[in-house]
Amino acid sequence: MSELLSVSHLRVSFRLDKATTIEAVKGVSFTVSAGETLAIVGESGSGKSVTALAIMGLLPKENSNVAAGSSVRWQGRELLGLPNRELRTLRGSDIAMIFQDPMSSLNPLFTVGDQIAEVLVTHHEMTWKAARKRAVALLDEVGIPEPAQRAKLYPFQLSGGQQQRGMIAMAMAGEPKLLIADEPTTALDVTIQKQIIELVNTLREKRGMAVMWISHDLAVVGEIADRVIVMRHGEIRETGTVADIFTRPQDAYTQALLQCHPPLDHRPRRLAVIDDFLEGKPPAIALQREARPQVGAGETAIAPILEVRNLSKHFEFREGLFGKRLLKAVDNVSFTLPKGRTVGLVGESGSGKSTVGLTIMRLHQATAGEVLFEGKNLLTMSAREQMPYKRRIQIIFQNPYASLNPRFVVGDILLEPMRIHGIGANEREREALARTLLDKVGLPALTLRKYPHEFSGGQRQRIAIARALSLQPDVLICDESVSALDVSVQAQVLNLLQDLRDEFGMSYLFISHDLAVVKYIADQVLVMHAGEIVESAPSDDIYRNPQHAYTRNLLRAIPRGYAHKTLVAS
Amino acid sequence: MSAFLLRRLWQMVPTLFGVILLVFVLFNFVGGDPAYLLAGKISNPAQIESIRNQLGLNESYAVQLGIFIKQVVTADFGSSWSTNEPVSQIIATRIGPSLVVLIPILVIETVLAILIAVLVAYVRSSLTDRAIMVACTVAMSVSLLVYIIVGQYVLAYQFGWFPVQGWGESLRENLLKYAALPVLLGVAVGIAPNVRLYRTFILDEVNQDYVRTARAKGLDENTVMLKHVLRNALIPIITNLMAYLPALLIGHFLIERFFSIPGIGREVIMAVERSDFPVIKAITIYVAIATMVINLLTDLLYKAVDPRVKLQ
Amino acid sequence: MSTQAHSAGLWTLAWRRLLGDRVALVSMSVVALFIGLMLASSLDIVAADWNDEIAVGYARPSLFSATAVTEQAPEPEAVSAVIPQVGAGDTAIADPAAVLKQLGLDDIKITDPLAKELDQILATTPAPEIKPREETRPFGADKWGHDVLLKVIKGSETSIFVGLAAALVATVIGTLLGAVAGYYGGWLDDLLNWFYSIFTAIPYLLLILAIAAVLDQKGMTTIVLILGLTGWTGIFRLVRAEYMKHRTREYVQAADAIGASNFSRMFRHIFPNVSHVSLVQLSVHTVGFIKSEVILSFLGFGVPVDKVSWGSMLGEAQNELILGYWWQLVAATLAMAVLVTAFSMFTDALRDALDPKIK
């Protein structure tokens, strides 16, 4: 195989302000050969995307710096320091790139067809007329139905999956030898992700191009890559063939990444956390292997703490002069949450799963239905009647950066709920309670005096959990609470949630798009689609024997990594 | 589209009513009895009473408001208190000279400001960029009075390049002779703030993801800036421009006053000086209506530049 | 994560950023100097004697001979040198105020409505002996021999006070209404938006002129209220948008979930997160109102005639310029330009320092 791209000793730094410069990439070397798929895997801040932008020469001029001694060679020719004029002839023709968020990556004011045609006009000296015609053919190639009509649409008129297909068509227009795909499926639902992965694989085989696939998700990488590079903190931890990385990982960090994500085939007692590996401690494999018993049998014997009956939430949009359009975000949803159990609510974006949580909390006004808490309907209570119940149901949100008030110190964040509900006799007692809570979620007592911006995403989510716990709730709604976290941090928070549930006997309504996470933590799983619950079954059963077509579809779409690939091959 | 127009026109009714109410409250409560103001000028007690009756000042406030609404609806605001000229005629004759000055200012200023802003955006965060921005800030800090006073004194009075003031009969004469200096000064006043603003709009777009995509396609910097970035930046520029239009009509009243241009702005100042209520009231109402119509046009214009806008 | 026990909040961090910015420091110092001058002047610590006629009419500016004092009356040439330039109807041939003093009428204010007529009469009578006056001042003198520098300082009192006070009024109104409209939405939002649409349908300056037309009494309070009551709309719109954005943020929903009241969510939770918008707008509007005050005073709709403001100075300077007396114009323009430039740069620095992009 001939070598297309060779990166050596690449160092990139960013100047944040006069005093601070951060080194994002610290001396990275690798090669990409013609026709192969190289995956770069890493968590946020690993420098994987910066590496890709450096290759393309797309780093922001204002504050980035590629250190001397770095080298990026394309078919033997040095790209760093190449005048922009020459670099432009490579960009979009020999090397093409697609990005994470297709909606914002497409220009909102030009049709998809014209944006594709622009590549052809630029690089192949085609006329606009010919280029537009070719754009339709490209859209057809990437699997967009009715390509002639779709070519005339603007990006906002297409779905997320179609937008990303459009981006891929644009990349294909220049007949690239290398496609750099920077987290191209992260913003998409799991079923769409599968389609995009398959599309890129097909195109690669058909066109014999090389692909550099950048992702945070090892499972996705396992499905697509020939070789894998694992990055962390701007450095390469390990490079190897996909088989080596998945079956014989040498680096502790690689091992940790492989083990931290909840597996689908068994149900460990606890998840491995990254520190176990990095500190060289043998991970508690025994504990991991020990399956947590499936609860659910004899479920009826346990009294429900929360019962949702025929819950509906409809949104109205004004249209035309007097017209209205109705969106049924949640439609006739019923389920029960037994005391001390976890119910998982799983669905893709727009399925209405988060709306269920918000409506139960009365953060949205329900259109119809009842939410019975120990038999009392929460939705019809007056504000005053609801106060004691507010203490008993709490919610933890997705985004740890948005869910803590940036102007409050952590002490205030934790004390405020206790003050409102009169928990603790005085401030001293409340502060002592807050310290205990911080200890429970694994943060030092010093945290009380600090502001949220001084903490990482995982730490902030722990603070949010502590805030919810300060009211000693009976029910905790976790709305995508671990979705924004890196996989290694996710495992820690999931373990914490498990421990707290066992310690305090809380009941969880666990809402997530991630089926593996839901399977791991929930006893009972509800699958939501288009505002309705399409299937409800005990957690292990739903994965073993899905009944509804949508559930089966969803399960099929989950990337299973390398093991799955070999299984299919044999 | 027609549903949209209908709804927008319907939405103007409460706003217009609010404006009428505000003007009514201002002139009938806050301002005290207008008849006394007139009395000072006419100095004839018999006439005052007849004027009071004529104005309906002896009626209840509800009836007075009714009279005012009728004036607005029939577009008949009576006659000026100081010149007895019908208000409708005043407005009809003053609007032309205002436009002769304002339209060139608006066009030149906008084109020039966009041009400079784009050039500055090319060299963003360079020394040139910073120097131009500082110059803009300083230029904005000098009162527009100073621009006009000094401009008129130096360019017209001292150098004699332009007539000091005046207004002619033909459009050609006005445009080329009398409006030239006022337009020059109007542009000088408006260019700095607009360059600063438009540069911000353009730089906001430069950092968007789709610009990175355009570069990744291999487009040259000119195409990226002039086609992709500028087209997007035009949306906030249009918003700003249209919001600025009605204020422009009045905002350059100082220019009209200094150069004795018989326009709306000069008329407003004279009316305020003479407490000529009918004229002020009429101009206020008309400008408010013009503003609402311009807002509607803005929405239609959005549709032309931004396919995402749905006129519902 | 730092190991300090007490850590810096966002305000402290913003303040530190501001102190680390050289442009911000310089502009802040200039603004502080002007505000200090304004306070000192209003307490009569400086420029209390601005109204004294210490120099000859239109004394030329001279930085070098600033202390030169003529013990006798101004030399005839100096006066005659002025006379030919004076246009018809100009009354500034002799120094009327000094004449009044001679006649024992110096308690009559120069700005008396009849002053002009009096000037006319006095101008036709032969000039009596004049008290010793300075021939030059560092920044020159006006028609009556008032020191221009002192006038500029006294004028800053009016201009800055009006700018700050009106901006404060507008910001408080805009912020409160914006908070209510953005937070509650619904009919309250509709109602306040109706107000907004009314106030924005009438161009700002036209509205001000209309109010000026109906109000008879002029004074600082009046002009502050006019500017403040009409200038809140932009702030309202911005604050409303911020509240609408923050209302659905997860930290506010979390506050709702723990049972925090609407009032607490609005002011304890959201307000500190949007207050930087109000602060920047306060700064922006101060600059805008200083400029507006200058124009209004120039037109004679602003501060009362017995007060000096940069606008009234420009009004006088307009006529003086034709006669070649440029110094009052330059002094007022320079003072305003320096202050407003510094204030604008400070505003930009403030905006950067408060940029909530940091997480």
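Just above, that's the structure.
Given the structure is predicted, the values throughout are model-derived calculations rather than measurements.

(A) Examining the overall build of chain C more closely. Helix and strand counts for chain C come out as 14 helices and two strands. Looking at chain C as a whole, 53% of its 359 residues qualify as buried. Taking the intrachain contacts of chain C between residues at least 6 apart in sequence as the baseline, contacts between residues at least 24 apart amount to 80%.

(B) Structural context of the overall build of chain A. Within chain A, the secondary structure is distributed over 23 helices and 21 strands. In chain A, which comprises 570 residues, the share counted as buried stands at 56%. As presented, chain A carries roughly 23100 Å² of accessible surface, and 50% of it is formed by carbon and sulfur atoms. Distance between charge centroids for chain A: 3 Å, based on 66 positive and 63 negative side chains.

(C) The arrangement of the nonpolar core in detail. Of all hydrophobic cores here, the largest spans 163 residues; its most connected members are Leu145(B), Ile202(B), Leu254(B) and Trp310(C). Ranked by residue count, the leading element in this core is helix 14 (residues 327-354) of chain C, at 16 residues. Other than its neighbours up to four places away in sequence, Trp310(C) contacts Phe34(C), Val152(C), Gly155(C), Ser156(C), Ser159(C), Ile290(C), Val294(C), Ala332(C), Ala335(C), Met336(C) and Leu339(C). Counting 76 residues, the second largest nonpolar core, distinct from the first, contains Ala272(A), Leu485(A), Phe510(A) and Ala537(A).

(D) Up close: the packing of helix 10 (residues 233-247) of chain C against helix 12 (residues 262-299) of chain C. All names here are of chain C. Where helix 10 contacts helix 12, the axes come no closer than 10 Å and their chain directions differ by 155°. Taken together, the axes of helix 10 and helix 12 lie roughly antiparallel to each other. In this structure, the crossing between helix 10 and helix 12 has a hand that is right-handed. Side by side, helix 10 and helix 12 meet where Ile235, Leu238, Val239, Glu242, Tyr243, His246 and Arg247 of the first sit next to Met266, Phe267, Ile270, Phe271, Asn273, Val274, Val277, Ser278, Gln281 and His285 of the second. For the contact of helix 10 with helix 12, a count of residues per class yields ten nonpolar, five polar and two charged.

(E) Highlighting the interface of chain B and chain C. In this complex, chain B contributes 45 residues to the contact, which on the side of chain C involves 37 residues. Summed over both sides, the interface of chain B with chain C buries roughly 3500 Å², with 82% coming from carbon and sulfur. One can count one salt bridge joining chain B with chain C. The closest approach of N and O atoms between Arg196(B) and Asp348(C), which form a salt bridge, is 2.9 Å. The tally of links between chain B and chain C comes to seven residue pairs in polar contact (both at pLDDT 80 or more). Secondary-structure elements contributing two or more residues to the side of chain B that touches chain C are helix 1 (2-30), helix 6 (127-141), helix 7 (144-158), helix 11 (221-251), helix 12 (253-258), helix 13 (264-273) and helix 14 (277-305) of chain B. The greatest single-element share of the side of chain B that touches chain C, amounting to nine residues, is contributed by helix 1 of chain B. Residue composition of the side of chain B that touches chain C, by class: 32 nonpolar, ten polar and three charged.

(F) Expanded view of the environment of Val221(A). All names here are of chain A. Note that Val221 resides in helix 9 (residues 218-224). Residues Val221 and Val242 lie 21 residues apart in sequence; the distance between their C-alpha atoms is 8.4 Å. With sequence-adjacent residues up to four places away left out, Val221 is seen in contact with Ala39, Val41, Ser215 and Val228.

(G) Geometry of the pattern of salt bridges. All names here are of chain A. In this structure the tally under the stated criterion is 51 salt bridges over all chains. Arg134 is the partner of Glu175 in a salt bridge, and the nearest nitrogen-oxygen pair spans 3.2 Å. Taken as a pair, Glu175 in the loop between helix 7 (160-173) and strand 8 (178-182) and Arg134 in helix 5 (residues 128-141) lie far apart in primary sequence, 41 residues in all. In this structure Arg134 comes out as partly exposed when scored by relative accessible area, which is 26%.

(H) Looking closely at the sheet that holds strand 9 (residues 210-215) of chain A. Residue and element names in this part refer to chain A. With mixed pairing, six strands are arranged side by side in an open sheet as 7-8-9-3-10-11. Pairing within the sheet leaves two strands with one partner each, and these edge strands are strand 7 (95-98) and strand 11 (235-241). This sheet shows a mean twist of 15° between the axes of neighbouring strands, independent of strand direction. Where helix 7 meets the sheet, its contacts fall on strand 7 and strand 8, and the angle it forms with strand 7 comes to roughly 170°.

(I) Helix 15 (residues 383-392) of chain A, seen in detail. Inspection of helix 15 of chain A places Gln386(A), Tyr389(A), Lys390(A) and Arg392(A) among the buried residues, and these make up the whole buried set. Down the axis of helix 15 of chain A, the buried side of the element spans an arc of 145°, and every buried residue falls inside it. Looking at the buried positions of helix 15 of chain A, the neighbouring elements they touch are strand 15 (368-373), strand 16 (376-377), strand 17 (393-396) and strand 18 (475-479) of chain A together with helix 11 (250-257) of chain C.

(J) Seen up close, the packing of helix 7 of chain B against helix 12 of chain C. Taken N-terminus to C-terminus, the directions of helix 7 of chain B and helix 12 of chain C make an angle of 50°; their axes are 9 Å apart at the nearest point. The orientation of helix 7 of chain B relative to helix 12 of chain C falls into the category oblique. In this structure, helix 7 of chain B contributes Leu144(B), Leu145(B) and Ile149(B) to the contact, and helix 12 of chain C contributes Val294(C), Ile295(C) and Phe298(C). Its residues assigned to classes, the contact of helix 7 of chain B with helix 12 of chain C comprises six nonpolar, no polar and no charged.

(K) Up close: the pairing of strand 8 of chain A. All names here are of chain A. Among the five residues that make up strand 8, five are buried, leaving the element largely enclosed by the rest of the structure. Taking every second residue as pointing to the same face, both faces of strand 8 are buried, with Leu178, Ile180 and Asp182 on one and Leu179 and Ala181 on the other. Both strand 8 and strand 9 contribute to a ladder of five bridges, which runs parallel. If you follow Asp182 over to strand 9, its bridge partner there is Ile214. The handedness of the strand 8 to strand 9 crossover, carried by helix 8 (residues 190-207), is right-handed.

Conventions used here
All residue numbers refer to positions counted from 1 along the written sequence of the respective chain. Each chain gets a letter, beginning with A, and each ligand a number, beginning with 1, in the order they are written. Totals for whole chains, interfaces and linings use every residue, but because this is a predicted model, local features are given only for residues with pLDDT of at least 70 and side-chain atom pairs only at 80 or more, for both listing and counting. Heavy atoms from the whole structure form the basis of all side-chain values; hydrogens and water molecules are not counted. Secondary structure follows DSSP: runs of H or I at least 4 residues long count as helices, runs of E at least 2 residues long count as strands, and numbering of each begins at the N terminus. Burial classes follow relative accessibility: with a 1.4 Å probe on protein chains only, a residue under 20% of its type's maximum area counts as buried, one over 50% as exposed, and anything between as partly exposed. The criterion used for residue contact is that any of the two residues' heavy atoms lie within 4.5 Å. Each accessible area value is a Shrake-Rupley result obtained with a 1.4 Å probe; residue values ignore everything except the protein chains displayed when judging cover. All tallies of charge rest on Lys and Arg as positive and Asp and Glu as negative; His and the ends of each chain are not included. Just so you know, the charge point we use is NZ for Lys, CZ for Arg, CG for Asp and CD for Glu. Definition of nonpolar core: a set of buried residues of the types Ala, Val, Leu, Ile, Met, Phe, Trp, Tyr and Cys, connected through side-chain atoms within 4.5 Å. All axes are obtained by fitting lines to C-alpha atoms, using only the stretch in contact for helices, and the reported angles, taken between N-to-C directions, cover 0 to 180 degrees. For classification purposes, angles smaller than 35 degrees are called roughly parallel, those larger than 145 roughly antiparallel, those between 65 and 115 roughly perpendicular, and all remaining angles oblique. Two helices crossing with the near one rotated counterclockwise from the far one by less than a right angle form a left-handed crossing, whereas a clockwise rotation gives a right-handed crossing. In this classification, Asp, Glu, Lys and Arg are treated as charged, Ala, Val, Leu, Ile, Met, Phe, Trp, Tyr, Cys and Pro as nonpolar, and every other residue, Gly included, as polar. Put simply, buried area is the surface a 1.4 Å probe can reach on two separate parts but cannot reach once they are joined, added for both. Take a side-chain nitrogen of Lys or Arg and a carboxyl oxygen of Asp or Glu: if they are within 4 Å of each other, that pair is a salt bridge. We define a polar contact as two N or O atoms separated by no more than 3.5 Å, with the added condition that, inside protein, one atom must be a possible hydrogen donor and the other a possible acceptor, whereas residues neighbouring each other in sequence contribute only through side-chain atom pairs. We treat two strands as partners when DSSP finds at least two bridges between them. Arc definition: directions from the helix axis to the C-beta atoms. A right-handed crossover is one whose linking path, passing over the helix from the first strand to the second, runs clockwise when the strands point away from the viewer.

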